[in-house]
Amino acid sequence: MLQQFLTILENSRETDLIFFLQSLSSDDKRKLVVDIKKVSKEYLEYKQEQIGQNKSQYRQKANDKQRTILLITAFVCCTRQEFEKTDFPSWILNKEHLSRVIDWYCPAWFSDFVNKEAAGEFMTSSLTYDWVMELTEKGFLTPGKQLIVRSLCTYIYELNDAKKHTWKFIPEKTLQLPVTLDEHIWYFFEQESDIHYSNRWINVENGVGKDKAGWIDLFTKYVSEGRIDRMRVLQESLLASNRNFNKVLSGWFCDLFIELDASVDEILALQQEMYSVLSSTNSKPVNTVLQCVKKIITQKSFDAVSFLDNVPLLLTSSTKNIVVNTLGILEKLAKSNKALQLPICKAAVQVFIHASDELQARAAKLIVSYESQLDEEFIASLMPYHDTVMSSARKLLDKYLTVTNAIHEEPAIADAEVAPLQPIELPQSIDDLVFLVSQAFDNNQSWHMDILPAAILKWQADLKNKNIAKLEPALQRALKMTRSDFRAGQGSLDHMLAIFFIDVCIYLCRKFPADAASLVTLFQKFDQGEGADTKRWLNIDENSFYMTGWDNYHHDPYYIPHKKLLLAALQKIKEEDALPLLSTPTHEPSWILPETLVKRLLIYQQENKIPFNIDYQVAVSRCNLTDTDDAVTLAEKVLSGESKNLVLFLFGKHEEPAGPFNNAAVWMCCSLSLKEKKTYHPAFQNFSYYKKPFACYTGQYPWQSIDEEYDEQRYDYQLRQNVTHKARRKILKVTIDKNIVAESTGLKKFFGSILKKAVEDQALFYDDLVIKAQWLAITYDLKRILLLTPNNPEPFLAEIISRCLKYPTFFSEDDKRTVIAGLQTMHEIWTDFGNMAYLFLATSMIASDKTVVNIAGETWIKAVSAGKMDNAQLGKIIGIHESIEFAPLKRFTDLISQGLFKISPLHNNSLMILIEHLLIELPDAPVKNLKKLLEIFAELKTACRFTISNKILLVKLNTWRQNAGLQKAIAAILE
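Residues numbered from 1 in each chain as written. Predicted model: local features only at pLDDT ≥ 70, side-chain atom pairs only at ≥ 80, totals over all residues. Heavy atoms only, no water.

S.K.: Whenever I open this one, the side chain of Gln460 confuses me. Can you help?
M.R.: Looking at the element boundaries, Gln460 is found in the loop between helix H24 (448–459) and helix H25 (466–469). Given a relative accessible area of 15%, Gln460 falls into the buried group. Contacts of Gln460, omitting those with residues within four sequence positions, involve Lys572, Ile573, Glu576, Asp577 and Ala578. (Helix = DSSP H or I, 4+ residues; strand = E, 2+ residues; numbered from the N terminus. Buried < 20%, exposed > 50% of the residue type's maximum accessible area, 1.4 Å probe, protein only. Contact = heavy atoms within 4.5 Å.)

S.K.: I tried to follow the pattern of salt bridges on my own but got confused; where do I start?
M.R.: Pairing is possible between side chains that carry opposite charge, provided their charged atoms lie close to one another. Following the criterion strictly, the structure yields 46 salt bridges and no others. Residues Arg100 and Glu14 are paired through a salt bridge, measuring 2.4 Å at the closest nitrogen-oxygen approach. With Arg100 in the loop between helix H6 (95–98) and helix H7 (110–119) and Glu14 in helix H2 (residues 14–22), this pair connects stretches of sequence that are 86 residues apart. With relative accessibility at 28%, the residue Arg100 sits in the partly exposed group. Glu14 sits in the buried class, given a relative accessible area of 19%. A salt bridge links Asp577 to Lys572; its shortest N-O distance comes to 2.9 Å. (Salt bridge = Lys/Arg side-chain N within 4 Å of Asp/Glu carboxyl O.)

S.K.: Is there a simple way to think about the environment of Asn613 in this case?
M.R.: Tracing the chain through its elements places Asn613 in helix H31 (residues 613–622). Taking relative accessible area as the criterion, Asn613 reaches 3% and is therefore assigned buried. Between the C-alpha atom of Asn613 and that of Lys116, which follows or precedes it by 497 residues, the distance is 61 Å. A distance of 2.7 Å separates the side chain of Asn613 from the side chain of Gln617, its partner in a polar contact. (Polar contact = N/O pair within 3.5 Å; in protein donor to acceptor, adjacent residues only side chain to side chain.)

S.K.: How do you make sense of the confidence of the model for the protein chain when you look at a structure like this?
M.R.: Detailed reading of the predicted coordinates is not advisable wherever pLDDT falls low. On average, residues of the protein chain score 89 in pLDDT, and 93% of them reach the 70 mark or higher. The model gives residues 741–745 a pLDDT under 50, and that stretch makes eight contacts with residues more than four places away or in other chains. pLDDT under 50 marks residues 747–761. Its contacts with residues more than four places away, or in other chains, come to 26 contacts. (pLDDT = per-residue confidence, 0-100.)

S.K.: What should I look at first to understand a nonpolar patch on the surface in this one?
M.R.: Together, Trp775, Tyr807 and Phe811 make up a nonpolar patch on the protein surface, roughly 390 Å² of accessible area in all. Relative to the helices and strands, Phe811 resides in the loop between helix H38 (794–804) and helix H39 (813–829). (Patch = residues over 30% accessible without salt bridge, like charges linked within 9 Å, V, L, I, M, F, W, Y side chains within 5 Å. Areas by Shrake-Rupley, 256 points an atom, 1.4 Å probe, with all protein chains shown as cover.)

S.K.: In this structure, what is going on with the packing of helix H17 (residues 304–315) against helix H18 (residues 320–336)? I would like to understand it.
M.R.: The relative placement of two packed helices comes down to the angle between their axes together with the axis-to-axis distance. Across the interface, H17 lies against H18 with an axial gap of 10 Å and an inter-helix angle of 145°. Classified by chirality, the crossing of H18 by H17 is left-handed. Mapping the contact onto sequence places Ala304, Phe307, Leu308, Val311, Leu314 and Leu315 in H17 and Ile322, Val323, Thr326, Leu327, Ile329, Leu330 and Leu333 in H18. Taken together, the residues that form the contact of H17 with H18 break down as twelve nonpolar, one polar and no charged. (Axes fitted to C-alpha atoms, helices over the stretch in contact; angles between N-to-C directions. Left-handed = near helix turned anticlockwise from the far one by under 90°. Nonpolar A, V, L, I, M, F, W, Y, C, P; charged D, E, K, R; others polar.)

S.K.: Mind showing me how you'd approach unusual backbone geometry here?
M.R.: Most peptide bonds take the trans configuration, and most residues that are not glycine carry a negative phi. Following Glu588, the chain continues into Pro589 via a peptide bond in cis, with omega recorded as -5°. One can find Pro589 in the loop between helix H29 (560–574) and helix H30 (594–607). Across the junction of Gly659 and Pro660, the peptide omega takes the value 10°, indicating a cis bond. A positive phi angle, near 60°, is found at Asn244, a position not held by glycine. In this fold, Asn244 is placed in the loop between helix H12 (230–240) and helix H13 (247–260). On the basis of relative accessible area, Asn244 is assigned to the exposed category, the value being 72%. Positive phi is not limited to glycine here, since His555 has a value of about 55°. Along the polypeptide, His555 turns up in the loop between strand S7 (533–535) and H29.

If you want it as structure tokens, here you go:
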């Protein structure tokens, strides 16, 4: 049987195949399946073949006929589960293939298989509507609604000229089967489909435009001919526009409704359907309904009460056009129906949640037009909006806002207090350690990277006997990660930590071979064959670590500090050194209390041991310096020598460092952790670090936001080559001279020192915090890298700005996610940073992604509450950007209106200062959207009772006053 099949396959005899398959019994088919899998792999696997001396290509052994034979055979012999695991099972649905089989073999699962294909993201083009209907008519298929609509979408088009890629629009095809118009077209209104895109890539013959050759034209044509119920189309298109379809498809149903141009009587009959659409999350359906409401507002049968029930939702919409249209309807309705004037006025107060002087003024005018109707209940409904009413509206409604006890002098919310630091606890038992290891590689907490080695050091004496076997699940997870088994949210540092844990387990296997037998077995399961050899995990030299050879694909140097820290921990574990790591954080996200640092140094002093240099550097870089008085007292009491002088300099007791300077790199890290980072300390004059520009260690690089001309490569289809064109672009340039940022030369020496137990190298880990690779894949590692230096994250932040915020729009999703990770970190640690941190925050506030903008806004809110925001500096940077319109100013005004405006008096004053310094940087020619920013500034000036005294700003305002569109806003500022 197998030999007969192989003969058919080898000779590509498709005709003989059918007779062969028809002759097989059920048992024969099952026996053949096992062999089919092996044969398919041989014929369908892509293998490299030499086609020349230096050229090769990948190809399959099978030709087209052999692929078809394997496909049909698998369909006939395999179970559904087996068939779906074959290569491209959907190819069987091609009419040419399936028609050879389906008349004599149709498995019970066939209909469900076809419908499942329609439910997928991509449906094979073989499933045409004609073919689906033919299979249905023959009884082989019971099509679901989704299959019908997806196959029907392109049914009205037919390829006319393959060479010219022209198509015919043939709506008459839908008349061939009565069921098409009677039933199937109505499924479009129930199921999500691509009907709106059905003619997108089609070039219709005879010059007929795409917009005149689509389903909307078919519906309007057949409605006018009476073939389709007009009222039903109107009703269904309304309902479909709010059926949770995607935005574009919802808009298409609105277009269909608009095209049919419903009469007043038809609109009145469809009121309930229309009002249900007002809750749509998309603006187009809502505005479509509002335009219809305008047509019937004066009709007696207009259901005003039902419409008013939806007004609160409409007036609080974030889409300005919806609010404007709703106000227009309310104005007309109030004029025509006196009984509704008070309810309309009560509803109109909801406009005051919008930070728009224009909208609020219009709502206020509507209210005061009917002030004779207003009562105490109205005043009560207005009071919650007291603090959000803007100046123009406030002037009109002043008497209602100054009622006794109405004014609230207190801020809408209290200024946030600085939250206390959250402690990080080391595991308190072996079981706690096992639980930590089980999640340490998943990046659930940034500090797991530091806590895991510290915890193993703490409990290493108990890692024996039965406790070793408890590590087996975690080791299995670590070994899987070495095979690129990554989960969402994991980065290269998690892979590094897994390698560290593997090294720890190998050490335990050698120290306790009997107790670690289960770990040994697990290692053996993950041994990998490499040609004739087998790579065995446990074959590594006992003086070596896998961690020593760890590297990521791009050889990024910014992973070296963490690598050194883990190597230091491995050496301590190997030597059974119980002394703690200095750099283990005590509080989230990576802070070390100064008292704890002193106590850890005391332990080393008492044991007369020297800390690992990288551990020492990171420890002083992470030390929290907000309150050091108690730590100073403790250090003066218990420490001596260099460690005492070093921490007293770090804690601010000594303004200048006092030697000895045996740990030059640690001293340098101390100076960089201080708020004031001096370019020069006389005691450091011999340090080699000062041979490099000091900006390498502070991140305070020069930068420019510029509009430049550049050469752009475009492909010329006539010349068939790239052609250089002149173009313009807005770009943020941070001047980082890559040539002067020296590579760390201490890594090799560091590895040697570990093995020889020599004094650590004096390489400064800041030198590793550079980005050299062309492609950046650091999203899930960035926080942990920045948290190596929470007192001074700006050197690496400058690298991120230069790579990810270079253009007004993000170059890639990786760039966007990297900036989000950076912002989330800065939100946690923001303090008195320098200009580069403000450049990062300011540029993020006008970024092209809303998530980035919102996190930047939240960072500003928190920093202002804590008194840690230089608003003048932030405003100046945004102003420099907007002076060349680096990004639309609307991004910033939207952020203010939606998240920063009138949070509290403190935030109002801060925002006032920010905008003042932003405006100073703008050019004399008004930039786009300046009017909105000036309106916000006017509101803040009134709320803060601010007097403008800056002469430069006054000159700017008077210059802009020459522009008619800005006169009103500037008059409000200057009055």
